[in-house]
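The lines below spell out each chain.
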Amino acid sequence: MPKLEYFVPVNAPLQTIWNVLLDRVEHPDRYMQGVDSFSFVESTESFAVREILIQGFPLRERITIDERLGEVRYQLVEHPLFQGDVYNALIPPAQDDPKATPVVQFRMNWQPLNEEGQAVDVEGRAVLEESLKHAVHYVKDLAEHMERTREQAQTSAAKP
């Protein structure tokens, strides 16, 4: 599968967006359609391994988080059809542009390992593209909603 990539600006503070990206790791069922179940089967200081069942299709991922760089990487582990990863990044706004907003980037780079994987690649590309766009926009919408809610609570608390 050729690389799929999608960017979206988010009108929320970096920390709010980062918290949503971390919640996405802990609760994939909130962010991905069709999650039947999930569990963490290994956890160390440098990575975690998560198993997800999506519409009956098992997926095992090695997840690494780099807060300093604002990156979360989901690397496929022992997958029968594909190898590769999904990468989520939080890109800070340009320092020299006061109107700039942070950007969330999702990139999927899965390569078929066999003919069955190639068939899924051809047949499922449009679905995966839509799923990636949906995931990025969901993160955006949730972070912006959280920020509006926080601002409204501050405004209400400041009123006498």
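Report follows, based on the coordinates. Quick caveat: nothing in here was measured; it's all calculated off a predicted structure. (Residues numbered from 1 in each chain as written. Predicted model: local features only at pLDDT ≥ 70, side-chain atom pairs only at ≥ 80, totals over all residues. Heavy atoms only, no water.)

**Focus: the packing of aromatic side chains**
Move 1: Across all of its chains, the model carries 2 aromatic pairs by this definition.
Move 2: Ring centres 5.3 Å apart and planes at 80 degrees place the aromatic pair Tyr31 and Tyr138 in the edge-to-face group. Taken together, the residues Tyr31 in the loop between helix 1 (14-26) and strand 2 (35-43) and Tyr138 in helix 2 (residues 115-158) connect sequence positions 107 residues apart.
Move 3: Owing to a relative accessible area of 4%, Tyr31 belongs among the buried residues under this scheme.
Move 4: Seen from their ring centres, Phe82 and Trp110 are 5.4 Å apart, and the 40 degrees between their planes marks the pair as tilted. Highlighted residues: Phe82 in strand 6 (residues 82-91) and Trp110 in strand 7 (residues 103-112), separated in sequence by 28 residues.
Move 5: A residue is classified by how much of its surface remains accessible, and Phe82, at 4% relative accessible area, is buried.
Move 6: Lying over the aromatic face of Phe47, Arg62 brings its terminal NZ or CZ to 3.9 Å of the ring centre.
Move 7: Here the basic side chain of Arg107 rests over the ring of Tyr87, its NZ or CZ set 4.2 Å away from the ring centre. (Phe/Tyr/Trp six-rings, centres within 6.5 Å; stacked < 30°, edge-to-face > 60°. Helix = DSSP H or I, 4+ residues; strand = E, 2+ residues; numbered from the N terminus. Buried < 20%, exposed > 50% of the residue type's maximum accessible area, 1.4 Å probe, protein only. Lys NZ or Arg CZ within 6 Å of the ring centre and 35° of its normal.)

**A few points about the pairing of strand 3 (residues 48-54)**
Successive residues of a regular strand alternate their side chains across the two faces of the sheet.
Move 1: Two strands pair when backbone bridges link them, and strand 2 and strand 3 are joined in this way by 7 bridges, in the antiparallel orientation. For Ser37, the partnering residue across the bridge sits in strand 3 and is Leu53.
Move 2: Counting the residues in the hairpin turn of strand 2 and strand 3 gives 4 residues.
Move 3: Pairing of strand 3 with strand 4 (residues 57-66) involves 7 bridges; the strand directions are antiparallel. Bridge pairing in strand 4 places Leu53 opposite Pro58.
Move 4: From the end of strand 3 to the start of strand 4, which pair antiparallel, there are 2 residues, and Gln55 there has a positive phi angle of about 50 degrees. (Pairing = 2+ DSSP bridges.)

**Comments concerning helix 2**
Move 1: For helix 2, with 44 residues, the first-to-last C-alpha span of 62 Å sits near the 64 Å given by 1.5 Å per residue.
Move 2: Along its length, helix 2 reaches its greatest deviation from straightness, about 65 degrees, at Gly124.
Move 3: If you follow the buried residues of helix 2, they end up packed against strand 1 (4-9), helix 1, strand 6 and strand 7.
Move 4: The backbone nitrogen of Glu116 has a side-chain oxygen 3.3 Å away, supplied by the residue at the start of helix 2, namely Asn114. (Expected span 1.5 Å × (residues − 1). Bend = angle between axes of the 7 residues up to and from the residue. Contact = heavy atoms within 4.5 Å. Polar contact = N/O pair within 3.5 Å; in protein donor to acceptor, adjacent residues only side chain to side chain.)

**Structural notes on the side chain of Asn88**
Move 1: Secondary-structure assignment places Asn88 in strand 6.
Move 2: Within the structure, Asn88 has its side chain in polar contact with the side chain of Arg24 (distance 3.1 Å).
Move 3: Setting aside anything within four residues of it in sequence, one finds Asn88 in contact with Leu21, Arg24, Gly70, Glu71, Val72, Tyr74, Gln105 and Phe106.

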